Amino acid sequence: MTAGEVTPQQLIDLVLLEARLLDEAHYDEWNALFADDGIYWVPLTPDQPEGLQHTSHLFEDKLLRDLRIQRLKSPRAFSQQPKSRSHHLLQMPSVETFDPAGNRFVTRCQFHYTEAQNDEINFFVGTAFHHLCIRDGAPRITLKRVNLLNCDAALPAVQLFI
């Protein structure tokens, strides 16, 4: 697939697949959806311009995502006994930017995210933006920005990936 061949529906399908992979704890497959230089970002403040010069809840490149996935899979991760589980409830994603000539695509998706472990349940609500490009013949995430509705509140620890 090239950037000129991708359809808006394929971009929407990728967002839906991403949530399913996370909810089914297929973290390696989820991580493979990212470009090698892709970033997973949860800003600390509304309208935060970027994540390198500002504090964020999460700002993870491939190395940090790999480390977190290794920890989640480790039997020695006592914070994951029992394992956390997640559920993404998504509004139908929309394609906000569709630029095949520039190999630049952006989707937007409102969500309700639930993370449970034992009798503790945490809820998060917000909007996810997936910045995508076509690399190696497939859509890849270059940036996943998760804008939480209450991003500037003191939040509980997020064990998994929103």
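Higher on the page you've got the structure.
Residues numbered from 1 in each chain as written. Predicted model: local features only at pLDDT ≥ 70, side-chain atom pairs only at ≥ 80, totals over all residues. Heavy atoms only, no water.

Quick notes on the overall build of the chain
How we decide: Think of it this way: any DSSP run of H or I at least four residues long counts as a helix, any run of E at least two long counts as a strand, and we number them from the N terminus. Only the C-alpha atoms count toward the radius of gyration. The rule for a globule is 2.2 Å times the residue count to the power 0.38. Any residue under 20% of the maximum accessible area for its type is buried, any over 50% is exposed, and the rest in between are partly exposed; the area is computed with a 1.4 Å probe on protein chains only. The contact rule is simple, with two residues in contact once any of their heavy atoms fall within 4.5 Å. To measure how exposed things are, a 1.4 Å probe is used in the Shrake-Rupley method; for residues, cover is taken only from the protein chains shown. In this tally, Lys and Arg are treated as positive and Asp and Glu as negative; His is ignored, and so are the chain termini. Lysine's charge is taken at NZ, arginine's at CZ, aspartate's at CG and glutamate's at CD.
When you go through the chain residue by residue, the secondary structure sums to three helices and seven strands. Taking 162 residues into account, the globule formula puts the C-alpha radius of gyration at 15 Å, and the chain, at 16 Å, falls close to it. Each principal axis of the C-alpha distribution contributes one length, and for the chain these read about 50 × 30 × 30 Å. Residues classed as buried in the chain amount to 42% of the 162 residues present. For the chain, the share of sequence-separated contacts (at least 6 apart) that also reach a separation of at least 24 residues comes to 58%. With the model as given, the accessible surface of the chain reaches about 8700 Å², and the carbon-plus-sulfur share is 55%. Computed over 15 positive and 21 negative side-chain charges, the inter-centroid distance for the chain is 4 Å.

Here's the deal with the environment of F59
By the element assignment, F59 lies in strand β2 (residues 56–60). We classify F59 as partly exposed; its relative accessible area is 28%. Each C-alpha atom, one on F59 and one on G4, is 30 Å from the other, the two residues being 55 residues apart in sequence. Here F59 is in contact with I39, Y40, W41, G51, L52 and L64, once residues within four sequence places are set aside.

Describing the pattern of salt bridges
Note the cut-off: Whenever a carboxyl oxygen of Asp or Glu lies within 4 Å of a side-chain nitrogen of Lys or Arg, that contact is scored as a salt bridge.
Applying the stated criterion across every chain yields a total of six salt bridges. Taking the shortest distance from any N to any O, the salt bridge between E18 and K144 comes out at 2.9 Å. Of the two residues, E18 sits in helix α1 (residues 8–23) while K144 sits in strand β7 (residues 138–148), which places them 126 residues apart along the sequence. Note on accessibility: E18 and K144 belong to one class, buried.

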